[in-house]
Amino acid sequence: RVRGAAPSGIAAAGLRDIGMNASTLHSLEARIKFSHEMMEKNEGKPLTSKQRDFIQSTMLTDKDVLIVDEAGMVSSKQLANIIELSKQSGAKLILVGDPAQLQSIEAGAAFRALLKHNNSAALTEVHRQKTDWQRNATMQLSQGNIAEALHAYEQNGCVEFSKNRQAAKTRLMTDMMESCHTTPEQSRLVLAYTRRDVADLNAMIKAEMVKAGKVSAENTEISVSVKNGDDHTQEIQGFSVGDRIMFRENNRDLNVMNGSFGTLQDIRNGQFHVTLDNGKNVTFSPKEYNSFQLGYAATVHKSQGMTVDETYVLATPHFDRHTSYVALSRHKQQVKLYANTRDFKDREGLQQALEKQGEKLSTLDFSNAQKKQQPQRQSKLLDQQDFIKLRDGFLQQTLQQIEVKPKKSHDKTHYPARTYEPER
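Residues numbered from 1 in each chain as written. Predicted model: local features only at pLDDT ≥ 70, side-chain atom pairs only at ≥ 80, totals over all residues. Heavy atoms only, no water.

S.K.: How do you make sense of the overall build of the protein when you look at a structure like this?
M.R.: When you go through the protein residue by residue, the secondary structure sums to 13 helices and 16 strands. Here the analysis covers contacts within the protein between residues at least 6 apart in sequence; of these, 67% occur between residues at least 24 apart. When the accessible surface of the protein is summed, it comes to about 24500 Å², and 50% of that surface belongs to carbon and sulfur atoms. (Helix = DSSP H or I, 4+ residues; strand = E, 2+ residues; numbered from the N terminus. Contact = heavy atoms within 4.5 Å. Areas by Shrake-Rupley, 256 points an atom, 1.4 Å probe, with all protein chains shown as cover.)

S.K.: Looking at this structure, how should I read the pairing of strand 11 (residues 271-276)?
M.R.: Here 6 bridges tie strand 10 (residues 261-268) to strand 11, and the two strands are oriented antiparallel to one another. Paired with Thr263 across the two strands is Thr275, which belongs to strand 11. The hairpin turn running from strand 10 into strand 11, its antiparallel successor, is 2 residues long, and Asn269 in that turn takes a positive phi close to 55°. (Pairing = 2+ DSSP bridges.)

S.K.: Help me out: how do you make sense of the side chain of Asp320 in this one?
M.R.: Examined against the element boundaries, Asp320 turns out to sit in the loop between strand 15 (308-314) and helix 11 (321-327). At a separation of 2.9 Å, a polar atom in the side chain of Asp320 contacts the main-chain amide nitrogen of Thr323. (Polar contact = N/O pair within 3.5 Å; in protein donor to acceptor, adjacent residues only side chain to side chain.)

S.K.: What is the right way to look at the nonpolar core in this model?
M.R.: In a soluble, globular protein the nonpolar side chains are often hidden away together inside. Of all hydrophobic cores here, the largest spans 36 residues; its most connected members are Val190, Met209, Phe239, Phe247, Val274, Phe284 and Phe292. Residues contacting Phe247, with those up to four places away along its chain left out, are Val256, Met257, Asn258, Gly259, Ser260, Val274, Leu276, Val282, Phe284, Tyr289, Ser291 and Phe292. Counting residues in each nonpolar core, the second largest holds 33 residues, with Val159, Leu189, Val308 and Val326 among its members. (Core = buried A, V, L, I, M, F, W, Y, C linked by side-chain atoms within 4.5 Å. Buried < 20%, exposed > 50% of the residue type's maximum accessible area, 1.4 Å probe, protein only.)

S.K.: Explain unusual backbone geometry to me, please; I cannot follow it from the model alone.
M.R.: Negative phi is the rule for most residues except glycine; trans is the rule for most peptide bonds. Phi angles above zero are rare outside glycine, and Glu70 is one such case at about 55°. Examined against the element boundaries, Glu70 turns out to sit in the loop between strand 3 (65-68) and helix 4 (76-89). What makes Glu70 buried here is its relative accessible area of 11%. If you check the backbone angles, Asn269 has positive phi at about 55° while not being a glycine.

S.K.: Please clarify how the environment of Ser291 should be interpreted in this entry.
M.R.: Note on placement: Ser291 falls in the loop between strand 12 (281-284) and strand 13 (292-294). Contacts of Ser291, omitting those with residues within four sequence positions, involve Ser225, Met246, Phe247, Arg248 and Glu249. Side chain to side chain, Ser291 and Glu249 meet in a polar contact 3.4 Å long.

S.K.: Help me out: how do you make sense of the environment of Val198 in this one?
M.R.: You can see Val198 is positioned in helix 9 (residues 195-211). Sequence-wise, Val198 and Leu314 are 116 residues apart; in three dimensions their C-alpha atoms are separated by 9.4 Å. Residues within four places of Val198 in sequence aside, it is in contact with Ala192, Gln293, Ala297, Ala298 and Thr299.

S.K.: Can you help me understand the confidence of the model for the protein in this one?
M.R.: Caution is warranted with low-pLDDT regions, since their predicted coordinates should not be read in detail. Model confidence for the protein is summarised by a mean pLDDT of 85, while 82% of its residues fall at 70 or above. Every residue in residues 403-424 scores below 50 in pLDDT, and together they form 14 contacts with partners more than four places removed in sequence or on other chains. (pLDDT = per-residue confidence, 0-100.)

S.K.: Would you mind going over the sheet that holds strand 10 with me for this structure?
M.R.: Backbone-to-backbone hydrogen bonds join strands into a sheet, with any given pair of strands oriented parallel or antiparallel. In space, the 5 strands of this open sheet follow the order 12-11-10-9-13, with antiparallel pairing throughout. On the outer flanks of this sheet lie strand 12 and strand 13, each paired with one strand and no other. For this sheet the average axis-to-axis angle between neighbouring strands, irrespective of direction, equals 35°. (Axes fitted to C-alpha atoms, helices over the stretch in contact; angles between N-to-C directions.)

Spelled out as structure tokens, the structure:
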């Protein structure tokens, strides 16, 4: 069997779209753990046919090939567990990813470390972008050459500066709406770093969509679940027929993943009818599933693994070289970057923000660094010992040439001259 897994729901959905039996890594681990517990609990007892089917469909065997996509986003702890599960079962493990893209939220950079210390296969051609200069710019981004990539985008009119962030958002929205009018068949997505900027852009774009008659003016307000870190709160938001929406929680019954996008086709009898971007239709009640939001804009982290015709990127100081690489490489046809002189003083300030390091470290990085420093430390130690020897020799010769007289004590006892003992 060929099985797939990924750290995010949307990446796992991408594997399923090409016909692979795939799930998130967390789901895979949980199901394997549950299978082990089930076998231990029923040890010596016959399993039901349903239990056997579950275990057989879940457990890895030496007949399986497990493909893990977006491996660069997997934490060291989780990847170590997946490697151990594959080793114990005899399954073949294939890791696919790009260590230069978004880093793991949790600790470690295990995939990068594995690439560094093992042989691997690599793609050397860019296929997503359609023009040569864009493909070359993406290659520069993947290699951390942000200055070269940014220069290419500037030369082709893809970088816009405004006086402040709100003005940059307005310019971005205007350009996107113009594209919607001229090429409505194109897919497009707005990207920002923070949830606050995403929410602001979603509200701005929706208002313009209603004005343009592309979205119904009739607004249905519902209570949606909003996640802030580990906390979930309820918030009243409005949705209309024609709206783009993004799902924010995996749901097997609906066959949607955290990060799935779709278009709201109808609101009828309290039911939302949505056509997903993969062509499938889903119907649900917001009272039963309310983890979704407007989907005109999304965070850069939600976009990894996605491909659209056009992207519009709001640059803020939160960006680093990994965020820049992902945000500026989701497009097939066009990408535009919107910055402002309040967040970035000038073009150099923008470049410095986009190219700053955000790479996660592994224990191997510290180990290798220590090994490199060790010879230098030994060299410094030898130099110090040589200095001590030279100093002691000089002092010994000096003391032998002069008479060292002892101090007189009250009992007038004379002591012989002392000789200098060098340091040991």
